[in-house]
Every structure is written in structure tokens, then in C-alpha cells.
Amino acid sequence: PTRRLRKNSEYLDTLSVVGILPTTIDTPMNRKAMPEANFGDWTKPLDIAKEIGKWIEQPPLRPHSGSLVKVHPAKGGGASFLLAG
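Every chain is numbered on its own, with residues counted from 1 as its sequence reads. With pLDDT at 70 or above as the cut-off, local features in this predicted model cover only qualifying residues; side-chain atom pairs require 80 or more to be listed or tallied, and sums for whole chains, interfaces and linings still use all residues. In computing side-chain values, all of the structure's heavy atoms are included and hydrogens and water are not.

**Thoughts on the nonpolar core**
Our working definition: In these notes, a set of buried Ala, Val, Leu, Ile, Met, Phe, Trp, Tyr and Cys residues joined through side-chain atoms within 4.5 Å is what counts as a nonpolar core. Exposure classes here rest on a 1.4 Å probe applied to the protein chains alone. A residue is buried below 20% of its type maximum, exposed above 50%, and partly exposed in between. Going along the chain from the N terminus, every DSSP run of H or I of four or more residues is numbered as a helix, and every run of E of two or more is numbered as a strand. Whether two residues are in contact is decided by their heavy atoms: any pair within 4.5 Å suffices.
Listed in full, the 5 residues of the largest apolar core are Ile48, Trp55, Val69, Val71 and Phe81. Only helix H3 (45–57) and strand S2 (68–73) provide two or more residues apiece to this core. In this structure, Val71 is in contact with Ile20, Leu21, Pro22, Thr23, Thr43, Ile48, Ala79, Ser80 and Phe81, ignoring residues within four places of it in sequence.

Dropping the structure here:
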């Protein structure tokens, strides 16, 4: 069944699979589990979402399918996205 789907779904040719490798993500559960941590050193979920949104809106900015992307908080706010390797 999967092969049949692949053969009949041209839109799959435009999909990319990218592994996102963030540092600790700033979530309520992580804050609760690590209350003594410096939350400013954590990656904000919105920063990850914004970058993925850019990749969707501007495909030339998207990493190649199969890429691994490290995500770290950037100095001054936001996040830094770097290809692993």
C-alpha cells in the first residue's frame, strides 16, 4: 500500500524531512522539572516554529531533505540554526 501511495502522489516529490536538534526547549514541563535552571539559555518553541514557517514560505531557505539542524538560543534573542555535520 505504501508504494502505491508513493507512485500516485506527486506532491511527495516536494516534501523534505529535516531533523531538528534543539537544546533544552523552554516548556512549562521543563521549567517545572528544572526550576533552578537558567531559562534564558533554553530554545523557545516559537523560535523553532518561526524558522520552520520561513522554510515553508521560502523553499530555497529550507535545508536539504535528510539534513540535521542544531538549534541553539542566539545571543540577543531568537535562535541559531546550524547544519550538523
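**A word on the packing of aromatic side chains**
Worth spelling out the cut-off: Note on aromatic contacts: the rings of Phe and Tyr and the six-membered ring of Trp form a pair at centre separations within 6.5 Å, being stacked when their planes are under 30 degrees apart, edge-to-face when over 60 apart, and tilted otherwise.
Per the stated rule, a full pass over the model turns up 2 aromatic pairs. Taking 6.3 Å as the distance between ring centres and 75° as the angle between the ring planes, the aromatic pair formed by Trp55 and Phe81 counts as edge-to-face. Taken together, the positions of Trp55 in helix H3 and Phe81 in strand S3 (residues 79–83) put the pair 26 residues apart, joining distant regions of the chain.

**Quick notes on the confidence of the model for the chain**
Fine structural detail should not be taken from predicted coordinates in areas where pLDDT scores are low. Basically, it comes down to this: Within a predicted model, pLDDT stands for the predictor's per-residue confidence, ranging from 0 to 100.
Within the chain, residue pLDDT values average 89, and 87% of them lie at 70 or more. For the chain, per-element mean pLDDT is lowest for helix H1 (residues 2–7), which scores 56, and highest for helix H2 (residues 28–33), which scores 98.

**Describing the pattern of salt bridges**
We apply this condition: When a carboxyl oxygen of Asp or Glu is within 4 Å of a side-chain nitrogen of Lys or Arg, the pair counts as a salt bridge.
One pass over the structure, following the stated rule, counts 3 salt bridges. Among the salt bridges present, the one from Arg31 reaches Asp26, with a minimum N-O distance of 2.5 Å. Residue Arg31 is classed as partly exposed on the basis of its relative accessible area of 34%. Looking at Asp26, the relative accessible area reads 10%, which means it is buried. Its salt-bridge partner being Lys54, residue Glu51 comes within 4.0 Å of it at the nearest N-O pair. Here the residue Glu51 and the residue Lys54 both occupy positions in helix H3, the gap between them amounting to 3 residues, near one helical turn. Using a relative accessible area of 18% as the deciding quantity, one classes Glu51 as buried. Residue classification places Lys54 among the partly exposed positions, given a relative accessible area of 42%.

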